Amino acid sequence: MKLRAHPMMRLMMTLIGLAWICCVPYLLATELVLAAVMALPLTVFGVAFAVRAPIWGVTCDEEVIKVHRFFSTRRVPVGRATGIRRTWSGGAEILWRDERRWPKWARITAFSTGLTTSRAMAGFLREHNEASLDALKLWMERHATAPRPR
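Our subject in this report is the structure included herewith.

Quick notes on the rules
- Numbering of residues starts from 1 in each chain and follows the order in which that chain's sequence is written.
- Given that this is a predicted model, residues contribute local features only at a pLDDT of at least 70 and side-chain atom pairs are listed and counted only at 80 or more, while totals for whole chains, interfaces and linings are drawn from all residues.
- In computing side-chain values, all of the structure's heavy atoms are included and hydrogens and water are not.
- At least two bridges found by DSSP between two strands is the condition for calling them paired.
- Helix and strand labels come from DSSP, where a helix needs a run of H or I of at least four residues and a strand needs a run of E of at least two; each type is numbered from the N terminus.
- All axes are obtained by fitting lines to C-alpha atoms, using only the stretch in contact for helices, and the reported angles, taken between N-to-C directions, cover 0 to 180 degrees.
- Salt bridges, as used here, are contacts in which a Lys or Arg side-chain nitrogen is within 4 Å of a carboxyl oxygen on Asp or Glu.
- Only protein chains enter the calculation, and the probe is 1.4 Å; a residue is then buried if its accessible area is under 20% of its type maximum, exposed if over 50%, and partly exposed in between.

The four strands are arranged β1-β2-β3-β4 in an open sheet whose pairing can be described as antiparallel. Edge positions in the open sheet fall to β1 (2-4) and β4 (73-77), since each of these has one partner strand only. Sheet twist, expressed as the average angle between the axes of neighbouring strands with direction ignored, equals 15°. Relative to β4, strand β3 (residues 64-68) is paired through five bridges, and the arrangement is antiparallel. What sits directly across from valine 67, in β4, is arginine 74.

Below you can see the structure in the form of structure tokens.
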């Protein structure tokens, strides 16, 4: 099962990444010192956003739940997943336990809305994010075998 961030959010993040990449030639043409300092970070962030935005979300298979973020992918074993929670700041997290049964969590940025998200944008995304989290919860209930935390 693949759950992705809202298509408009993925498009927006891809465009932001491309815009950052496009800033590099402009900087090179105007300020050589500024370009030398900013070119590498702008290129790294731009490429990461442009390449990873289309897969931003969660992919579930029989063995692992992959939480795709912008700069990393967190792999959570299906048998260790214990639930989903919303934080007070609007974040979404998948809860799980490691080999020693220590509680862990992985932030699902694709379905999170931060405190700085505007009301219009939050309302626009809320329905999609809640439906995606509900689908993930349902999938986990059917596939996870770990004992629930007390």
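Moving on from the coordinates now.
Attention now goes to the sheet that holds strand β5 (residues 81-86). Strands sit in the order β5-β6-β7 across an open sheet of three strands; the sheet is antiparallel. The strands lining the two open edges of the sheet, one partner per strand, are β5 and β7 (103-107). Neighbouring strand axes in the sheet, compared pairwise and without regard to direction, differ in orientation by 25° on average. As judged from the five bridges shared by strand β6 (residues 92-97) and β7, these two strands associate in the antiparallel manner. Residue pairing in the sheet places isoleucine 94 in a bridge with alanine 106 of β7.

Let us now look at the pattern of salt bridges. Overall, the coordinates contain four salt bridges when judged by the stated rule. Glutamate 130 is the partner of arginine 86 in a salt bridge, and the nearest nitrogen-oxygen pair spans 2.9 Å. In this pair, arginine 86 is assigned in strand β5 and glutamate 130 in helix α3 (residues 119-143), connecting sequence segments 44 residues apart. For arginine 86, a relative accessible area of 33% translates into the label partly exposed. Classification of glutamate 130 by relative accessible area gives partly exposed; the value is 32%. One salt bridge in this structure joins aspartate 98 and arginine 100, with 3.9 Å as the shortest N-O distance.

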